[in-house]
Amino acid sequence: MGYAAESSVCGKIMELLGQNEIDHHQRQVAILSQDSFYRVLTAEQKAKALKGQFNFDHPDAFDNELILETLREIVEGKTVQIPVYDFVTHSRKEETVTVYPADVVLFEGILMFYSQEIRDLFQMKLFVDTDADTRLSRRVLRDISERARDLEQVLTQYITFVKPAFEEFCLPTKKYADVIIPRGADNLVAINLIVQHIQDILNGGLTKRQNGCLNGYSTPRKRQPSESSSRPH
């Protein structure tokens, strides 16, 4: 379960780039989330999850093989199908979301830098450094309003799994970041620098194929001219 700060930074980047209003087929910038790639749980694991006793913040909770396969296809300019995860029932839905080839891909998630094999695919890695109280308050609001949790369950899960996993698995990956963004979406100076960098890519200012990631974020990948015909118009 990713922290809201990451997705809010991605959302702010998309807003400033004017990509929110564009049809998915035509978008030059695409967003993917690590939260889409939770593993399919066994019956025993699902029973634990429904009681709030499964650690969704552990690296093993994610389908890293599928993430790696998907990222490699994105780098090759292919259209990919992204899983949809239901956080109420703790299961992967039947439907998928289609992501079309784009010039820049933002991939957000708390453990995107944990696997070296995945980490090495990113040209730019951004770590969003948000205050712990802010992370907790946003998680509480999100889980209660969007994921049908009660306050006691959210706080118990945070203390038991989320905070220890953040300190053991997520925080140490900060050293792999190329850019660290304090204060998350409130840091407009840092976000505007990233937006300008992406605009340079979109305008052809950066010609090499690139990939990138922000703590929860993956970023720039530039399509080669030969790939342009594969993008729907």
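Per an unreviewed UniProt entry, the recorded name for the chain is uridine/cytidine kinase, and the organism is Acipenser ruthenus. A UniProt comment under Sequence similarities (unreviewed entry) is attached to the chain, and it reads "Belongs to the uridine kinase family."

Q: Which residues make up the overall build of the chain, and what are the values?
A: The number of helices and strands found in the chain is 7 helices and 8 strands. Buried positions account for 50% of the 233 residues belonging to the chain. For the chain, contacts bridging at least 24 residues in sequence account for 73% of all contacts bridging at least 6. Only carbon and sulfur atoms are counted for the fraction: they give 51% of the accessible area of the chain, which is about 11,100 Å².

Q: A description of the pattern of salt bridges should follow, citing residues and the corresponding values.
A: Enumeration according to the criterion identifies 13 salt bridges in this entry. Residue Lys12 is joined to Glu15 by a salt bridge in which the shortest nitrogen-to-oxygen separation is 3.6 Å. Linking Lys12 with Glu15, this pair stays in helix 1 (residues 4-17), spanning 3 residues, or about one helical turn. Look at Glu15 and you get partly exposed, because its relative accessible area is 48%. The salt bridge partner of Glu167 is Lys163, with a shortest N-O separation of 2.8 Å.

Q: How would you summarise the packing of helix 5 (residues 132-146) against helix 6 (residues 151-170) if you had to cite specific residues and measurements?
A: Interhelical geometry of helix 5 versus helix 6 gives an angle of 135 degrees and a closest axis separation of 10 Å. On the basis of their axis angle, the class for helix 5 and helix 6 is oblique. The two elements helix 5 and helix 6 meet at a crossing, and its hand is right-handed. Across from Ala132, Arg135, Leu136, Arg139, Val140, Asp143 and Ile144 in helix 5, the residues of helix 6 making contact are Leu151, Val154, Leu155, Gln157, Tyr158, Val162 and Phe166.

Q: Lay out unusual backbone geometry with the relevant residues and their values.
A: Phi angles above zero are rare outside glycine, and His90 is one such case at about 55 degrees. We note that Arg183 has phi near 70 degrees; this positive angle belongs to a residue other than glycine. Structurally, Arg183 is set in the loop between strand 6 (179-182) and helix 7 (188-202).

Q: Can you break down the pairing of strand 5 (residues 124-129) residue by residue, with the values?
A: Counting buried positions over the 6 residues of strand 5 gives 5, a clear majority of the element. Looking at chain direction, strand 5 and strand 6 are connected through 4 bridges and run parallel. Its bridge partner lying in strand 6, Phe127 is registered against Ile180.

Q: Pulling in residues and values, what's your account of the pairing of strand 4 (residues 104-108)?
A: Of all 5 residues that make up strand 4, 5 are buried, and the element is covered over most of its length. Burial of the side chains of strand 4 extends over both faces: Val104, Leu106 and Glu108 are buried on one face and Val105 and Phe107 on the other. Relative to strand 4, strand 1 (residues 29-33) runs parallel, the two being bridged by 5 bridges. Pairing of Ala30 across the sheet is with Val105, part of strand 4.

Q: I'd like to hear about the packing of aromatic side chains, residue by residue, with values.
A: The final tally for this structure, using the stated rule, is 9 aromatic pairs. On the basis of an interplanar angle of 85 degrees and a centroid distance of 5.3 Å, the ring pair of Tyr38 and Phe56 is categorised as edge-to-face. Placement of the pair is Tyr38 in the loop between strand 1 and helix 2 (43-50) and Phe56 in the loop between helix 2 and helix 3 (64-75), with a sequence separation of 18 residues. The same class applies to Tyr38 and to Phe56, which are both buried. Summarising the aromatic geometry, the rings of Phe54 and Phe56 are spaced 4.9 Å apart at their centres and angled 70 degrees between planes, so their arrangement reads as edge-to-face.

Q: Could you give an account of helix 5, with specific residues and numbers?
A: Look at helix 5: 21 Å from first C-alpha to last across 15 residues, which is about the 21 Å you get at 1.5 Å a residue. In the core, the buried residues of helix 5 are packed alongside helix 6. Between a side-chain oxygen at the N-terminus of helix 5 and the backbone nitrogen of Asp133 the separation is 3.0 Å; the capping residue is Asp131. Immediately downstream of helix 5, the backbone of Ala148 shows phi near 55 degrees, a positive value.

Q: Quick rundown of the environment of Glu117? Include the residues and the values.
A: Inspection of the secondary structure assignment puts Glu117 in helix 4 (residues 116-119). Discounting residues that sit within four places of it in the chain, Glu117 has contacts with Leu68 and Arg72. Only 3.2 Å separates the side chain of Glu117 from the side chain of Arg72, close enough to count as a polar contact.

What counts as what
Residues numbered from 1 in each chain as written. Predicted model: local features only at pLDDT ≥ 70, side-chain atom pairs only at ≥ 80, totals over all residues. Heavy atoms only, no water. UniProt positions renumbered as here; feature names shortened; annotations may be inferred. Helix = DSSP H or I, 4+ residues; strand = E, 2+ residues; numbered from the N terminus. Buried < 20%, exposed > 50% of the residue type's maximum accessible area, 1.4 Å probe, protein only. Contact = heavy atoms within 4.5 Å. Areas by Shrake-Rupley, 256 points an atom, 1.4 Å probe, with all protein chains shown as cover. Salt bridge = Lys/Arg side-chain N within 4 Å of Asp/Glu carboxyl O. Axes fitted to C-alpha atoms, helices over the stretch in contact; angles between N-to-C directions. Parallel < 35°, antiparallel > 145°, perpendicular 65-115°, else oblique. Left-handed = near helix turned anticlockwise from the far one by under 90°. Pairing = 2+ DSSP bridges. Phe/Tyr/Trp six-rings, centres within 6.5 Å; stacked < 30°, edge-to-face > 60°. Expected span 1.5 Å × (residues − 1). Polar contact = N/O pair within 3.5 Å; in protein donor to acceptor, adjacent residues only side chain to side chain.

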